[in-house]
Amino acid sequence: MKLSLPFPSLRRLVSACLLGSVLIGRTSAQVQSGRELVRLPASQTIHDIAINSSVATTITFPEKIMLLTGFGLVTDPTAANQLSTGSNSVAVVHYENVLADTLVVRLIKPGEPCHATIRTARSLYLMRFTPSESANLAVIVPPPTPPTAASEVGPEVVAQKRLKFSSEELVGMLGKARNRKALQPINPGLYNGWQERNGLAMTSMQGNIESTIYEIQRNSDKDLTVFRCWVSNKGTDVFEYEPTAVKIRVGERSYDAQLVDAAPEIRAGQTIPLDVVLQGGPGGTRESISIQQDFRIELPEPGRQNIIDPSLFGDAVAEGK
């Protein structure tokens, strides 16, 4: 059936409507429907951006762009022919840094996707510009997710991961360290995960007192480290001290001991054994001390604290009668 349009004005009106619908269809096809404005996912490593020669795609970064590089990127549209290396060459993309944080890109010559690296003041972004019939009109780039992003941890988990301090465990661990050479050949499983350094001579002097660490053992699971030492009095007087105040020094830091086993007095010319046990830090935190360090024994000042309060036993004891 043939449609007859007798009036020229009516024919022109229909032609104009048909032409308009074609133009509208072509314009809408140039931009991806539903993805005109795209916010890229922060967790993605390489961001895909669709571009074509009919649309200028605007890309906005969270901070100032410091560097932009990539094969196929040009600032001069006439440079497309210089980058042609065959039918499978990389697409040529014209770009312009219109603002400090804004980039505008447009396809000049089709080809394989063009990869670009963009560096801002604090982050690095990897982009892949892919030629497409329908392009993204505007793109928002969020700050990248840090690779070790912190996650919220409940108080129950924190409490569970804290070290459980136990006097009996400290004494038991010290006993295992002392008897290691005898027990390990018989039952090696007792020392799974233990580390050891032998034959050491980490010596330091405090006045007339010489301290030497000759062995270090560590149980990483318990965050517990045992130092086996000798202490010698090179002076002519008795050295009396408080063993519980002994510390272990590494560089500029001193660690408080959780257990010290040693005599409180060292006579002139005498050498005594001293064992020090460290475990964790304040509040049950882990110190994770490496035994591959230069340690020193830090003795307290001479003198002992009164263990018994004389006032509890009446005036006669308090006055020394």
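This text follows the structure it describes.
Novice: Explain the pattern of salt bridges to me, and be specific about the residues and the numbers.
Specialist: One pass over the structure, following the stated rule, counts 15 salt bridges. Here Arg122 makes a salt bridge to Glu63, at a shortest N to O gap of 3.1 Å. Taken together, the positions of Arg122 in the loop between strand S8 (114-120) and strand S9 (124-131) and Glu63 in the loop between strand S3 (57-60) and strand S4 (65-69) put the pair 59 residues apart, joining distant regions of the chain. Given a relative accessible area of 73%, Arg122 falls into the exposed group. Overall, Glu63 belongs to the buried group, its relative accessible area being 13%. A cluster of three or more residues bridged by salt bridges with shared partners is formed by Arg178, Arg228, Asp261 and Asp275.

Novice: Describe the sheet that holds strand S21 (residues 295-298), naming the residues involved and giving the relevant values.
Specialist: Taken in spatial order, the three strands line up as S17-S16-S21 in an open sheet, and their pairing is antiparallel. Edge positions in the sheet fall to strand S17 (253-256) and S21, since each has one partner strand and no second. Across this sheet, the average inter-strand angle for adjacent strands is 30 degrees, counted without regard to direction. Here strand S16 (residues 247-250) pairs with S21 via four bridges, running antiparallel. Paired with Val250 across the two strands is Phe295, which belongs to S21.

Novice: Can you explain the environment of Ser220? Please cite residues and give values.
Specialist: Along the chain, Ser220 falls in the loop between strand S13 (209-219) and strand S14 (224-233). Separated by 69 residues in sequence, Ser220 and Ile289 have C-alpha atoms that sit 8.8 Å apart. The contact partners of Ser220, leaving out residues within four places of it in the chain, are Gly193, Gln195 and Arg286.

Novice: Give a description of the environment of Gly34 that names residues and reports values.
Specialist: Looking at where Gly34 falls in the secondary structure, it is placed in the loop between helix H1 (8-29) and strand S1 (37-39). For the pair Gly34 and Asn136, spaced 102 residues apart in sequence, the C-alpha separation works out to 9.6 Å.

Novice: Report on the side chain of Gln279, specifying residues and quantitative values.
Specialist: Tracing the sequence through the fold places Gln279 in strand S20 (residues 271-279). Take Gln279: its relative accessible area is 1%, and that puts it in the buried class. Polar contacts involving the side chain of Gln279 include one to the main-chain carbonyl oxygen of Lys222, which spans 3.1 Å.

Novice: Describe the packing of aromatic side chains, and please don't skip the residues or the numbers.
Specialist: Applying the stated criterion to the full structure yields five aromatic pairs. For the pair Tyr191 and Trp194, a centre-to-centre distance of 5.4 Å together with 75 degrees between the ring planes defines the contact as edge-to-face. Residue Trp194 is classed as buried on the basis of its relative accessible area, which comes to 10%. Between the NZ or CZ atom of Lys176 and the centre of the ring of Tyr191, over which it lies, the distance is 5.4 Å.

Novice: An account of the sheet that holds strand S5 (residues 73-74) is requested, with residue identities and associated values reported.
Specialist: Here we have six strands laid out as an open sheet, ordered S1-S10-S3-S7-S6-S5, and mixed in their pairing. A single partner strand is all that each edge strand has here, and the edge strands are S1 and S5. Pairing between S3 and strand S7 (residues 102-109): four bridges, direction antiparallel. Bridge pairing in S7 links Thr58 to Val104.

Novice: Can you lay out helix H3 (residues 167-178) for me, pointing to particular residues and giving the numbers?
Specialist: An ideal rise of 1.5 Å per residue puts 16 Å on twelve residues; H3 measures up with 17 Å between its terminal C-alpha atoms. Every buried residue of H3 is accounted for by Leu170, Met173, Leu174 and Ala177. Along the axis of H3, the buried positions cluster into a sector of 100 degrees, meaning they face one direction only. Along H3, the residues that are exposed and aim more than 90 degrees away from the buried face are Glu168 and Val171. Turning to H3, the residues buried within the fold contact helix H4 (180-183), strand S11 (194-197), S13, S14, strand S18 (259-261) and S20.

What counts, and where the lines are drawn
- Residue positions within a chain follow its written sequence, with the count starting from 1.
- Totals for whole chains, interfaces and linings use every residue, but because this is a predicted model, local features are given only for residues with pLDDT of at least 70 and side-chain atom pairs only at 80 or more, for both listing and counting.
- The side-chain values count all of the structure's non-hydrogen atoms but skip hydrogen atoms and water molecules.
- By definition here, a salt bridge exists when the distance from a side-chain nitrogen of Lys or Arg to a carboxyl oxygen of Asp or Glu is within 4 Å.
- Secondary structure elements are taken from DSSP: a helix is a run of H or I of four residues or more, a strand is a run of E of two residues or more, and numbering for both begins at the N terminus.
- Here the term buried applies to any residue with accessible area under 20% of the maximum for its type, exposed to any over 50%, and partly exposed to those in between, with areas from a 1.4 Å probe on protein chains only.
- For two strands to pair, DSSP has to find at least two bridges joining them.
- To obtain each axis, a line is fitted to C-alpha atoms, and for helices this fit is confined to the stretch in contact; angles are then taken between N-to-C directions over 0 to 180 degrees.
- Throughout, a contact is declared for two residues whenever any of their heavy atoms are within 4.5 Å.
- A 3.5 Å cut-off defines polar contacts: any pair of N or O atoms within that distance qualifies, except that in protein one atom must be a possible hydrogen donor and the other a possible acceptor, and neighbouring residues in sequence count only when both atoms are side-chain atoms.
- Put simply, two rings from Phe, Tyr or Trp (the six-membered ring, in Trp's case) pair if the centres are within 6.5 Å, and we call them stacked under 30 degrees between planes, edge-to-face over 60, tilted for the rest.
- Here, a charge over a ring means that NZ of Lys or CZ of Arg falls within 6 Å of the ring centre while also lying within 35 degrees of the ring normal.
- A helix is expected to span 1.5 Å for every residue after the first.
- When we speak of the arc, we mean the arc of directions from the helix axis to the C-beta atoms.

Purely geometric stuff here, so don't read any function into it on its own.
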